[in-house]
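# Coordinates in review
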Amino acid sequence: MQKKVNIKNKRARFDYEILDTYTAGIVLSGTEIKSIRESQASISESFCEFNDHGELFVINMQVDEYSHGTHYNHKPKAERKLLLQRGELKKLEKEVKNSGLTIVPLNLFVNDRGLAKINIALAKGKKLYDKRETIKDRDNKKNLDRIKKSFNN
């Protein structure tokens, strides 16, 4: 039985306001997918970027070297191509160029068929006061839950 792989980018929802999400495939080599299946990857500092040919790549995604790999092992911080439909790519490229939005990965997972997929989001950067508001809301919710729990007992 294969364990579930779900690697999250926890900072993404704090640093960015999520506008739209997509699920994309990733072009990987043999040792890269083996490392991802062992949960040896990180997308915390990564972002997505278009090249000159209109292809979408994920930059700064850390996939550790496979433990049983030989000298054919992969580079840990290589750029990896993302696979989306042509219409989605054109829409994303237009939004990024015109609106100044950015594309950030939210989570990396392995689906039922054993393929690595990544959820990406079209996002707008938050200002400092928005982040403070998020922290305040989270603290208020925590306090309210604590009060409710003590009231029910």
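Above this text is the structure in question.
First, a word on scope: everything that follows refers to the structure included in this document. (Residues numbered from 1 in each chain as written. Predicted model: local features only at pLDDT ≥ 70, side-chain atom pairs only at ≥ 80, totals over all residues. Heavy atoms only, no water.)

## Concerning the overall build of the protein chain
- In terms of regular secondary structure, the protein chain is built from 4 helices and 9 strands.
- When the helices and strands of the protein chain are read in sequence order from the N terminus, they spell out β-α-β-α-β-β-β-β-β-α-β-β-α.
- With the principal axes as the frame, the protein chain shows a C-alpha extent of 60 × 45 × 25 Å.
- Taking all 153 residues of the protein chain together, the buried fraction comes to 34%.
- Sequence-distant contacts in the protein chain: of pairs separated by 6 or more residues, those separated by 24 or more amount to 65%.
- Within the structure as shown, the protein chain displays about 10,400 Å² of accessible surface, and the carbon and sulfur contribution to it stands at 48%.
- Averaging the locations of the 31 positively and 21 negatively charged side chains of the protein chain gives two centres separated by 5 Å. (Helix = DSSP H or I, 4+ residues; strand = E, 2+ residues; numbered from the N terminus. Buried < 20%, exposed > 50% of the residue type's maximum accessible area, 1.4 Å probe, protein only. Contact = heavy atoms within 4.5 Å. Areas by Shrake-Rupley, 256 points an atom, 1.4 Å probe, with all protein chains shown as cover. Lys, Arg positive; Asp, Glu negative; His and termini not counted. Charge placed at Lys NZ, Arg CZ, Asp CG, Glu CD.)

## Focus: the pattern of salt bridges
- Per the counting criterion, the structure on display carries 8 salt bridges.
- Linking glutamate 32 and arginine 80 is a salt bridge whose minimum nitrogen-to-oxygen distance equals 3.0 Å. Highlighted residues: glutamate 32 in helix H2 (residues 30–37) and arginine 80 in strand E7 (residues 80–83), separated in sequence by 48 residues. For the residue pair glutamate 32 and arginine 80, the accessibility class agrees, reading buried in each case.
- Measuring nitrogen to oxygen at the nearest pair gives 3.2 Å for the salt bridge that ties lysine 81 to glutamate 55. In this pair, lysine 81 sits in strand E7 while glutamate 55 sits in the loop between strand E4 (47–50) and strand E5 (56–59), placing the two residues 26 residues apart along the sequence.
- With a relative accessible area of 25%, glutamate 55 lands in the partly exposed category. (Salt bridge = Lys/Arg side-chain N within 4 Å of Asp/Glu carboxyl O.)

Geometric values such as these leave the question of function open.
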